[in-house]
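Inside the fold
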Amino acid sequence: MSEVKLTASTRTEFGKGAARRIRRDAKVPGVLYGHGSDPIHLTLPGHELLLALRTPNVLISLDIDGKSNELAIPKSVQRDPIKGFLEHVDLQLVTRGEKVNVEIFVHTEGELAPGGNLLEHVLNALPVEAEATHIPESVTVSVEGLAAGDSVLAKDIPLPSGTKLGVDGDTVVLQVLAAQAEEPSEESAEGGEAAEA
(Lines give C-alpha, C1' and ligand atoms only; values in the text may rest on other atoms or scores of the structure.)
Protein backbone atom coordinates (compact mmCIF):
# COMPACT_ATOMS: atom_id res chain seq x y z
CA MET A 1 0.00 0.00 0.00
CA SER A 2 1.29 3.41 -0.92
CA GLU A 3 2.00 6.06 1.67
CA VAL A 4 1.41 9.70 0.75
CA LYS A 5 3.33 12.47 2.49
CA LEU A 6 1.46 15.73 3.19
CA THR A 7 2.56 18.88 5.00
CA ALA A 8 -0.09 20.22 7.34
CA SER A 9 -0.31 23.10 9.76
CA THR A 10 -2.35 23.40 12.93
CA ARG A 11 -5.16 25.92 12.87
CA THR A 12 -6.53 28.09 15.64
CA GLU A 13 -9.46 29.71 13.82
CA PHE A 14 -12.75 27.85 13.67
CA GLY A 15 -16.22 28.37 12.21
CA LYS A 16 -17.64 28.94 8.73
CA GLY A 17 -15.73 32.16 8.06
CA ALA A 18 -12.38 30.60 8.94
CA ALA A 19 -13.17 27.50 6.85
CA ARG A 20 -14.05 29.68 3.84
CA ARG A 21 -10.76 31.59 4.16
CA ILE A 22 -8.85 28.29 4.28
CA ARG A 23 -10.63 26.99 1.16
CA ARG A 24 -10.04 30.31 -0.67
CA ASP A 25 -6.31 29.65 -0.19
CA ALA A 26 -6.74 26.25 -1.97
CA LYS A 27 -6.45 24.42 1.34
CA VAL A 28 -8.80 22.13 3.27
CA PRO A 29 -9.72 22.26 6.96
CA GLY A 30 -9.48 18.93 8.75
CA VAL A 31 -9.21 17.24 12.11
CA LEU A 32 -6.89 14.45 13.26
CA TYR A 33 -8.12 12.26 16.13
CA GLY A 34 -7.53 8.89 17.72
CA HIS A 35 -5.64 6.95 20.40
CA GLY A 36 -7.42 8.92 23.13
CA SER A 37 -5.53 12.12 22.33
CA ASP A 38 -7.12 15.54 21.92
CA PRO A 39 -8.23 16.28 18.33
CA ILE A 40 -5.74 18.33 16.31
CA HIS A 41 -7.34 20.84 13.94
CA LEU A 42 -5.36 21.06 10.71
CA THR A 43 -5.07 22.95 7.45
CA LEU A 44 -4.12 20.61 4.60
CA PRO A 45 -2.98 21.30 1.01
CA GLY A 46 -6.12 20.99 -1.16
CA HIS A 47 -4.74 19.65 -4.45
CA GLU A 48 -2.33 17.14 -2.86
CA LEU A 49 -5.08 15.89 -0.53
CA LEU A 50 -7.51 15.50 -3.43
CA LEU A 51 -4.95 13.41 -5.34
CA ALA A 52 -4.21 11.28 -2.25
CA LEU A 53 -7.91 10.56 -1.66
CA ARG A 54 -8.21 8.98 -5.13
CA THR A 55 -6.61 5.89 -3.55
CA PRO A 56 -9.14 4.11 -1.31
CA ASN A 57 -8.03 3.88 2.36
CA VAL A 58 -4.83 5.79 1.57
CA LEU A 59 -2.20 5.92 4.31
CA ILE A 60 -1.20 9.55 4.88
CA SER A 61 2.07 10.56 6.52
CA LEU A 62 1.47 14.00 8.00
CA ASP A 63 4.27 16.46 8.69
CA ILE A 64 2.53 18.81 11.16
CA ASP A 65 4.17 22.23 11.49
CA GLY A 66 7.55 20.57 10.85
CA LYS A 67 7.47 19.27 14.45
CA SER A 68 5.67 15.94 14.42
CA ASN A 69 5.16 13.19 11.90
CA GLU A 70 1.91 11.21 12.23
CA LEU A 71 0.28 8.40 10.23
CA ALA A 72 -3.43 8.68 9.46
CA ILE A 73 -6.19 7.22 7.31
CA PRO A 74 -9.22 9.18 6.05
CA LYS A 75 -12.41 8.43 7.98
CA SER A 76 -14.84 11.04 6.67
CA VAL A 77 -14.59 13.30 3.63
CA GLN A 78 -17.09 16.09 3.01
CA ARG A 79 -17.38 17.49 -0.51
CA ASP A 80 -19.40 20.33 -1.95
CA PRO A 81 -22.50 18.57 -3.40
CA ILE A 82 -22.48 20.66 -6.59
CA LYS A 83 -18.88 21.60 -7.36
CA GLY A 84 -17.28 18.54 -5.75
CA PHE A 85 -14.39 20.35 -4.04
CA LEU A 86 -13.24 19.17 -0.60
CA GLU A 87 -14.90 20.99 2.29
CA HIS A 88 -13.51 19.09 5.29
CA VAL A 89 -11.72 15.85 6.12
CA ASP A 90 -11.56 13.74 9.29
CA LEU A 91 -8.38 11.72 9.68
CA GLN A 92 -7.85 8.84 12.12
CA LEU A 93 -4.47 8.54 13.79
CA VAL A 94 -2.87 5.09 13.31
CA THR A 95 0.44 3.43 14.14
CA ARG A 96 2.44 0.86 12.21
CA GLY A 97 1.25 -2.65 13.06
CA GLU A 98 -2.09 -1.41 14.42
CA LYS A 99 -5.25 -3.16 13.22
CA VAL A 100 -7.96 -0.86 11.82
CA ASN A 101 -11.50 -1.44 10.57
CA VAL A 102 -12.07 -0.17 7.03
CA GLU A 103 -14.19 -0.95 4.00
CA ILE A 104 -12.64 -2.17 0.75
CA PHE A 105 -14.32 -2.07 -2.65
CA VAL A 106 -15.61 -5.27 -4.25
CA HIS A 107 -14.85 -5.60 -7.98
CA THR A 108 -16.21 -8.37 -10.16
CA GLU A 109 -14.80 -10.18 -13.17
CA GLY A 110 -16.25 -12.76 -15.54
CA GLU A 111 -19.58 -13.28 -17.29
CA LEU A 112 -22.81 -14.45 -15.71
CA ALA A 113 -24.55 -17.53 -17.09
CA PRO A 114 -26.55 -16.83 -20.29
CA GLY A 115 -30.13 -15.66 -19.89
CA GLY A 116 -30.02 -11.94 -19.22
CA ASN A 117 -29.47 -12.29 -15.48
CA LEU A 118 -28.65 -9.24 -13.37
CA LEU A 119 -25.86 -8.96 -10.80
CA GLU A 120 -26.83 -7.08 -7.63
CA HIS A 121 -24.12 -5.67 -5.36
CA VAL A 122 -25.72 -6.10 -1.92
CA LEU A 123 -22.50 -4.66 -0.44
CA ASN A 124 -20.41 -2.35 -2.62
CA ALA A 125 -17.70 -2.31 0.03
CA LEU A 126 -16.66 -5.14 2.32
CA PRO A 127 -15.91 -4.31 5.99
CA VAL A 128 -12.53 -5.80 6.99
CA GLU A 129 -9.89 -5.54 9.69
CA ALA A 130 -6.35 -5.02 8.41
CA GLU A 131 -3.01 -3.66 9.53
CA ALA A 132 -2.95 0.11 9.03
CA THR A 133 0.09 -0.03 6.75
CA HIS A 134 -1.23 -2.97 4.68
CA ILE A 135 -4.82 -2.07 3.85
CA PRO A 136 -5.87 -3.61 0.52
CA GLU A 137 -7.43 -1.15 -1.93
CA SER A 138 -10.01 -3.65 -3.16
CA VAL A 139 -10.87 -7.32 -3.70
CA THR A 140 -11.84 -9.00 -6.96
CA VAL A 141 -14.50 -11.70 -7.14
CA SER A 142 -15.18 -13.99 -10.09
CA VAL A 143 -18.85 -14.22 -11.08
CA GLU A 144 -18.11 -16.48 -14.05
CA GLY A 145 -21.07 -18.73 -14.85
CA LEU A 146 -23.24 -17.71 -11.89
CA ALA A 147 -26.96 -18.14 -12.61
CA ALA A 148 -30.16 -16.67 -11.18
CA GLY A 149 -30.46 -17.47 -7.48
CA ASP A 150 -26.69 -17.82 -6.96
CA SER A 151 -24.98 -15.57 -4.45
CA VAL A 152 -21.48 -14.82 -3.18
CA LEU A 153 -21.06 -14.74 0.60
CA ALA A 154 -18.45 -12.72 2.48
CA LYS A 155 -16.63 -15.93 3.51
CA ASP A 156 -16.29 -16.89 -0.21
CA ILE A 157 -14.23 -13.79 -1.05
CA PRO A 158 -10.47 -14.38 -1.05
CA LEU A 159 -8.77 -11.79 1.20
CA PRO A 160 -5.09 -10.82 1.21
CA SER A 161 -3.06 -12.32 4.05
CA GLY A 162 -3.34 -10.38 7.30
CA THR A 163 -6.86 -9.18 6.44
CA LYS A 164 -9.91 -10.50 8.31
CA LEU A 165 -13.62 -10.11 7.63
CA GLY A 166 -15.40 -7.40 9.58
CA VAL A 167 -18.84 -8.93 8.97
CA ASP A 168 -20.45 -12.34 9.49
CA GLY A 169 -19.15 -14.85 6.93
CA ASP A 170 -22.69 -15.68 5.79
CA THR A 171 -23.42 -12.07 4.79
CA VAL A 172 -24.51 -11.88 1.13
CA VAL A 173 -22.20 -9.58 -0.85
CA LEU A 174 -23.36 -10.31 -4.41
CA GLN A 175 -26.44 -12.07 -5.75
CA VAL A 176 -27.70 -12.92 -9.21
CA LEU A 177 -31.29 -12.01 -10.05
CA ALA A 178 -33.35 -13.37 -12.93
CA ALA A 179 -34.22 -10.78 -15.53
CA GLN A 180 -37.93 -10.03 -15.36
CA ALA A 181 -39.97 -9.78 -18.54
CA GLU A 182 -41.76 -6.50 -18.93
CA GLU A 183 -45.52 -6.84 -18.58
CA PRO A 184 -47.53 -5.30 -21.41
CA SER A 185 -49.10 -2.00 -20.42
CA GLU A 186 -52.91 -1.76 -20.15
CA GLU A 187 -53.14 0.56 -23.17
CA SER A 188 -51.46 -1.89 -25.54
CA ALA A 189 -53.63 -4.73 -24.18
CA GLU A 190 -56.79 -2.69 -24.81
CA GLY A 191 -55.55 -1.72 -28.27
CA GLY A 192 -55.08 -5.42 -29.08
CA GLU A 193 -58.65 -6.22 -28.03
CA ALA A 194 -60.02 -3.40 -30.20
CA ALA A 195 -58.11 -4.69 -33.22
CA GLU A 196 -59.57 -8.17 -32.73
CA ALA A 197 -63.21 -6.89 -32.57
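Definitions and limits used
- Residues numbered from 1 in each chain as written.
- Predicted model: local features only at pLDDT ≥ 70, side-chain atom pairs only at ≥ 80, totals over all residues.
- Heavy atoms only, no water.
- Buried < 20%, exposed > 50% of the residue type's maximum accessible area, 1.4 Å probe, protein only.
- Helix = DSSP H or I, 4+ residues; strand = E, 2+ residues; numbered from the N terminus.
- Arc of directions from axis to C-beta.
- Contact = heavy atoms within 4.5 Å.
- Pairing = 2+ DSSP bridges.
- Axes fitted to C-alpha atoms, helices over the stretch in contact; angles between N-to-C directions.

**Comments concerning helix α1 (residues 16-24)**
Residues of α1 that are buried include every one of Ala18, Ala19 and Ile22, and no others. One side of α1 carries all its buried residues, which in axial view fall inside an arc of 100°. The exposed residues of α1 that point more than 90 degrees off its buried face are Lys16 and Arg24. The secondary structure elements touched by the buried residues of α1 are β2 (27-34) and β3 (37-45). Within two residues after α1, Ala26 carries a phi angle of roughly 60°, on the positive side.

**A closer look at the pairing of strand β13 (residues 172-177)**
As defined by bridge partners, strand β8 (residues 118-121) adjoins β13 across four bridges and the pair is classed as antiparallel. When the sheet's bridge partners are listed, Leu119 is paired in β13 with Val176.

**As for the sheet that holds strand β7 (residues 99-109)**
Pairing is mixed across the open sheet formed by four strands, whose spatial order is β10-β7-β9-β12. Of all strands in the sheet, those with a lone pairing partner are β10 (138-142) and β12 (164-165), marking the two edges. Bridging between strand β9 (residues 125-131) and β12 involves two bridges; their strand directions are antiparallel. The residue bridging Glu129 from the neighbouring strand is Lys164, located in β12.

**Quick notes on the sheet that holds β13**
Two orientations exist for strands paired in a sheet by backbone hydrogen bonds: parallel and antiparallel. Reading across the sheet, the three strands line up as β8-β13-β11 and stay open at both edges, with antiparallel pairing between neighbours. A single partner strand is all that each edge strand has here, and the edge strands are β8 and β11 (151-153). Within this sheet the neighbouring strands show an average axis-to-axis angle of 15°, counted without direction.

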